[in-house]
Each structure stands twice: as C-alpha cells, then as structure tokens.
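# Survey of secondary and tertiary structure
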Amino acid sequence: MGEQNTTGTAQPEAVRKLSKKDITKSMWIYYAGAELSNSYERLQSLVFCASMTPILKKLYSTDEELSEALKRHLVFFNTEGILGAIIQGIVISMEEQKSNGENITDDAITGIKTGLMRPVAGMGDAIIWAAVMPIIFSIFLPFASNGSALGGIMPLILYPLLTVLISYYLIHNGYKLGKKSIVSLLHGGKMKNIIFTANVIGLTMMGALSASYVSLSTPLEFSFSGGSTIIIQDVLNLIAPGLLPLAAVFIIYAYLKKKGPHYTKILFTVVIVSIIASLLGVL
C-alpha cells in the first residue's frame, strides 16, 4: 500500500525499473556458467537462478517475495547457453512486471521458460555449434597447419567475442519485447527456416573441412600375369576423389548418431585402426 501524505491522499508506490547494467550483469553470470554449472537433477537451473539473483534482489523488497522468486527459478531448466539469453531477457521482463503489480503468476513465468527451452536449444545447436564454430575454425585451420600461432589464438578470441555479442543482443531485445519477441519468431515458420538455413551452412562447412583436412589413402595395388597393375587408389579417385576420407567421416558420423558423443573412444579407435592398417599396408 502507498504511503499517505498530510492531505490524506495515497501516494503510489515507486515503479521498480531495471537498468541496462542490471540486465547485462545477469547475462554475464549465465554466459559464464551455462555450460559448466550443471546439476544432475535440474541441469542449468543453478546458474540460471544465480544469474537472476541480482535482478530479483532489486525487484523484491521482502524476504518472502525474494524466496518465492528464487524457488521458481530453481526448477529444471536446460537450453543452449548462448541463445538461451533471449529466455533470460523475457523472464527478466516478466519478473519486473510482476514486481510492479501486474497479473503474472509463478506458473506463467515457469511455463515460458519450460516452453522455450527446446525450440531455443534447437536454434542454438544449429546456429552456434553447427555453423558459427565450424566457420571460425575453418578460417584459421590453414594458419594452424602452416605453423602460425594465429590458428590457435584467434578462434579463442573470436568465438567468445562473437557469442558474447549474440547473448548481449538477445537478452536486451528479449527484455524489451517480452513474450512477443519469441512468439513472433515461432509463428509463421521463421524458426524452422532459421534452423534449416543454419543446418545447411553447418553441413556445407563440415563437408569442406572433411575434404580439406581429412587425409586418407591406400597403397594397395594388384599385379597381373600380363604385366598390368591396378592401383586401388587410382580406381577410387576415378569413382570419386576423396572417397576414403568421405567414408571415414560417414563411419564416425554413424557411430556418433547411434552411440552418442564418445569422443575418447572414437579418438583411440582411429589411432588403433590407423596403426594396424599401416602395419598391414592397407592404408
């Protein structure tokens, strides 16, 4: 209730308004821990709640209100860590509206988070992991192969810089537009088109990287009594240049799709198969 002045008229409560700095601080906390602080029970809920804590402390003045707000952000949450910033922005906007007396329930805030986890994760995996990362590494792999330090240093600079800019843009626009920001994206097939485009770009880059940096050939050859010799690698090149590297990539991809990302097993298997095939003179 508002305070009363000497004339007896009620004074309205001050509107609680977050600053750009408050929102950016929340983004930094989530960005730093989204892929690191995972609970087996609730995955990213811990870091999401931590990122919301400075926001909630500014919006809610009583311990009871703050406690309830923290509890609703400790429920299960998991999405892609970069594009997940747009969910942050929307939720921050809703919390601000709720703290100012608007009719927004706890279930509405939790429902928005739960409903957006999967579509945002799909977009994030397709855009960040299947397009942005391969593009950055493909640019600097030639530098690394030629012994330049830029090949190792620049991806470590460009990737964080680019993803921070994406997160910054999304959280602030999510906050400004509220629920409409994601609803407009989900309607009209826009999200489907974005994911499809990102997948095409990512697959193109992975194909280019495979053709350029996976080297595999066979020394096998067969000699016949008439003096003719068939070199297997020449035959394969006539069928399709780079057929063996392509086959190796597809075998690893099939394993990943069926068994999951067991990268250590794949690495050791590749090493062992390479050694055995080399000793046998097959590859």
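Keep in mind it's a predicted model, so treat the numbers as computed, not measured. (Residues numbered from 1 in each chain as written. Predicted model: local features only at pLDDT ≥ 70, side-chain atom pairs only at ≥ 80, totals over all residues. Heavy atoms only, no water.)

## With respect to helix H11 (residues 263-280)
The cut-off we apply is this: Runs of H or I in DSSP of at least four residues are treated as helices and runs of E of at least two as strands, each being numbered from the N terminus. What a helix should span is 1.5 Å times the count of its residues minus one.
The end-to-end C-alpha distance of H11, which contains 18 residues, comes to 26 Å, matching closely the 26 Å that a straight helix rising 1.5 Å per residue would cover. Where H11 ends, the next residue or the one after it, glycine 281, has phi of about 75°, a positive value.

## A few points about the layout of surface pockets
Applied cut-off: Points on a 1 Å grid over protein atoms alone make up a cavity when a 1.4 Å probe fits among them but cannot get out, and a pocket when they form an open set with protein on both sides within 12 Å along at least five of seven lines; lining residues each have an atom within 4 Å of a point. Grid points are joined across faces, edges and corners, and a volume is the space filled by probe spheres set on the points. Polar here means any residue outside two lists: the nonpolar Ala, Val, Leu, Ile, Met, Phe, Trp, Tyr, Cys and Pro, and the charged Asp, Glu, Lys and Arg; Gly therefore counts as polar.
Put simply, the second largest pocket is a space of about 480 Å³. If you go around the second largest pocket, you meet 17 residues; those closest to its centre are Ala248, Ile251, Ile252, Val270 and Val273. Taken together, the elements giving at least two residues each to the lining of the second largest pocket come down to helix H10 (243-259) and H11. Classifying every residue of the lining of the second largest pocket by side-chain character gives 13 nonpolar, three polar and one charged.

## A few points about the pattern of salt bridges
The cut-off we apply is this: Salt bridges are defined as contacts in which a side-chain nitrogen from Lys or Arg sits within 4 Å of a carboxyl oxygen from Asp or Glu. Only protein chains enter the accessibility calculation, which uses a 1.4 Å probe; a residue whose area is less than 20% of its type maximum is buried, one above 50% is exposed, and one in between is partly exposed.
Enumeration over the complete set of coordinates arrives at five salt bridges. The partner of arginine 72 in a salt bridge is glutamate 95, and the shortest N-O contact between them spans 2.9 Å. Linking arginine 72 in helix H3 (residues 63-72) with glutamate 95 in helix H4 (residues 85-99), this pair joins segments that are 23 residues apart in sequence. Look at arginine 72 and you get buried, because its relative accessible area is 7%. You can call glutamate 95 buried: its relative accessible area is 0%. When salt bridges that share partners are traced, they join Arg72, Glu95, Lys98 and Asp106 into one network.

## What to know about the nonpolar core
This is how it is decided: In plain words, nonpolar cores are sets of buried Ala, Val, Leu, Ile, Met, Phe, Trp, Tyr and Cys residues tied together by side-chain atoms within 4.5 Å. The contact criterion used throughout is that any non-hydrogen atoms of two residues lie within 4.5 Å.
Counting residues in hydrophobic clusters, the biggest one holds 40 residues, and the most contacted among them are Met52, Leu83, Ile87, Ile92 and Val120. Going through the elements one at a time, helix H1 (20-33), helix H2 (45-59), H3, H4, helix H5 (106-145) and helix H6 (150-177) are the ones with two or more residues in this core. The residues touching methionine 52, leaving out its near neighbours within four places in the chain, are Ser26, His73, Val91, Ile92 and Glu95.

## Structural notes on the confidence of the model for the protein chain
Basically, it comes down to this: The pLDDT value expresses, per residue, how confident the predictor is, ranging between 0 and 100.
When the pLDDT values of the protein chain are averaged, the result is 79; 81% of them are 70 or greater. For the protein chain, per-element mean pLDDT is lowest for helix H7 (residues 179-186), which scores 57, and highest for H1, which scores 92.

## A few points about the packing of H2 against H4
Filter applied, for reference: Lines fitted to C-alpha atoms define the axes, with helix axes restricted to the stretch in contact, and inter-axis angles between N-to-C directions lie between 0 and 180 degrees. Reported orientations rely on four angle classes, namely roughly parallel under 35 degrees, roughly antiparallel over 145, roughly perpendicular from 65 to 115, and oblique for the rest. Here a crossing is called left-handed whenever its near helix is offset anticlockwise from the far helix by less than a right angle, and right-handed whenever the offset is clockwise.
Relative orientation of the contacting elements H2 and H4 amounts to 25°, with a least axis distance of 11 Å. As the angle between them shows, H2 and H4 are arranged roughly parallel. Viewed along their axes, H2 and H4 form a crossing whose handedness is right-handed. Along its contact with H2, which presents Phe48, Ser51, Met52, Ile55, Leu56 and Leu59, the element H4 presents Gln88, Val91, Ile92, Glu95, Glu96 and Ser99. A class-by-class count of the residues in the contact of H2 with H4 yields seven nonpolar, three polar and two charged.

## Regarding H10
For an α-helix, 3.6 residues make a turn, and residues three or four places apart therefore share a direction. Between its first and last C-alpha atoms H10 spans 24 Å; for 17 residues at 1.5 Å apiece the expected length is 24 Å, and the two agree. Positioned one or two residues after H10, glycine 260 has a phi angle of 100°, which is positive.

## Describing the side chain of histidine 172
Note that histidine 172 resides in helix H6. With relative accessibility at 6%, the residue histidine 172 sits in the buried group. When neighbours within four sequence positions are excluded, histidine 172 is seen to be in contact with Lys20, Ile23 and Thr24.

## Quick notes on the packing of H10 against H11
Look at H10 against H11: their axes get within 11 Å of each other, and the N-to-C directions meet at 150°. Put simply, H10 runs roughly antiparallel to H11. In this structure, H10 meets H11 at a crossing whose hand is right-handed. Contacts from Ile252, Tyr255 and Leu256 in H10 reach Tyr263, Lys265, Ile266 and Val270 in H11.

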